[in-house]
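Architecture and fold: a report
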Amino acid sequence: MSEKHRAEPLSHFENKLRSVRASRGLSQAALADASGITRQAIHAVEAGQYLPTTAVALRLAEALQCRVEDLFCLAARGEVISGEWLGPGRATADAGNPCRVKAALVGGRMVIRPVATLGDVLNFTVPADGLLAAPAAEGRGRRAQRNVRVRLLRDRRAIESEVSVAGCDPAVFLVGDHLARRHAPATVVGWTMGSAAAVEALRKREVHVAGLHVVDARSGESNLPYLRRHLREGDHTVVTFASWEQGLMVRQGNPKAIRAAADLSRKNVAMINRETGSGARLLLDRQLAEAGVRPGLVRGYAQLAPSHLEVARAIAEGRADTGIGVRSAARMLGLDFIPLQEERYDLVIPTAFLSSHRGLSVLLDTIVSRPFRTEIGALGGYDTSDTGKVQVL
């Protein structure tokens, strides 16, 4: 037999049968009954002892109500792609200290970010799409200078199905898990940033979705006035993710007796803040102005944390007495919560992406599903009664 027609080794294929079967709650015997294939054969396939024939693969997919590609696909072969570096500083490729990266195809443009920018915990839990293979190429123009090459660790089709979301709601990571439960081809990668930064990243086509919670000081309306000022009319679809409460988080028992923004001017109170443009920072500044407190009088006003959870963690660890955040973050870290404002957290999506990126429609279907709404409701502080509602921009 010629080398061209020789059977390919099993290492060239990715076998997901075991994980899909387990997620369905089926034993090997139950799957054997449903598919008409012997349990021994299923065990051999899952153990990587042989690659199933087309007929066997089709029967397994039918029994598990999924596609054959969800069970078996070509393994990544080290393909090298090019993309624009969105990480901090200039990209460097060091063979002795490889840089793990995530890649996303956004509107026909491949963007590359280091996994490390997801944060300390997620850096160890989110799989990389590839390793940086070359530093930025020389050339004219900012984009040419930030062009990098990446050697993939995963199949490119899987990477292109990922949905990149910018925002500050930690529940976005649950969306990815629920997508996996629904055996959707898409996955979700959440990049933590404040509302203004998320909208700017969306405007620059660096992400597929931006999440924001900005309450207009004049009208009291969530998000839409801000979006009308910063995005082109008619180009974007706005869908409600959930409503929540935002307020002051304090240690259990509230030892400093903090009740309102006016208390932040006391010398024995130290806070931790969020970055300019975040919904939490906008709320704080408005509350301070209404209380007649100048930011310069607030201890810790310049001390910043990148997310609601990091604010809550700083308070729980005693590095601050209070900070603005959402009730769910306070509940997670065992903090007391003083509500200041109810607001809506919306997802903004370029309308053209809804037809060009299959994963976005799956994401929207997932957030309105009963299991997902039940789970984020259990986090505390979320109201999902309007989840999935399209807001008129």
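Here we summarise the structure given alongside this text. (Residues numbered from 1 in each chain as written. Predicted model: local features only at pLDDT ≥ 70, side-chain atom pairs only at ≥ 80, totals over all residues. Heavy atoms only, no water.)

Considering the environment of Ser161
Considering the arrangement of structural elements, one finds Ser161 in the loop between helix H7 (156-160) and strand E8 (163-167). With near-sequence residues (within four places) excluded, Ser161 lies in contact with Pro185, Ala186, Thr187 and His357. A polar contact is formed between the side chain of Ser161 and the backbone oxygen of Ala158, at a distance of 2.7 Å. (Helix = DSSP H or I, 4+ residues; strand = E, 2+ residues; numbered from the N terminus. Contact = heavy atoms within 4.5 Å. Polar contact = N/O pair within 3.5 Å; in protein donor to acceptor, adjacent residues only side chain to side chain.)

Some thoughts on unusual backbone geometry
The phi dihedral of Arg205 falls on the positive side, at around 60 degrees, and the residue is not glycine. Here Arg205 shows up in the loop between helix H9 (195-203) and strand E10 (209-212).

Overview of the pattern of salt bridges
Under the counting rule described, the total for this entry stands at 25 salt bridges. Salt-bridge contacts for Asp129 lead to Lys102; the nearest nitrogen and oxygen are separated by 3.1 Å. A residue pair is termed long-range when its members are at least 10 positions apart, and Asp129 in the loop between strand E5 (109-114) and strand E6 (130-134) and Lys102 in strand E4 (residues 100-106) qualify at 27 residues. Judged by its relative accessible area of 5%, Lys102 falls in the buried class. Between Arg266 and Asp263 there is a salt bridge, with its nearest N and O atoms 3.6 Å apart. Given a relative accessible area of 17%, Asp263 falls into the buried group. Bridged by salt links that share partners, the residues Lys102, Asp129, Arg154 and Glu162 form one connected network. (Salt bridge = Lys/Arg side-chain N within 4 Å of Asp/Glu carboxyl O. Buried < 20%, exposed > 50% of the residue type's maximum accessible area, 1.4 Å probe, protein only.)

Re the environment of Leu60
With respect to the element layout, Leu60 can be found in helix H4 (residues 54-64). On the accessibility criterion, Leu60 (1% relative accessible area) is buried. In contact with Leu60, other than residues within four places in its own chain, are Leu17, Leu31, Ser35, Ile37, Ile42, Leu71 and Phe72.

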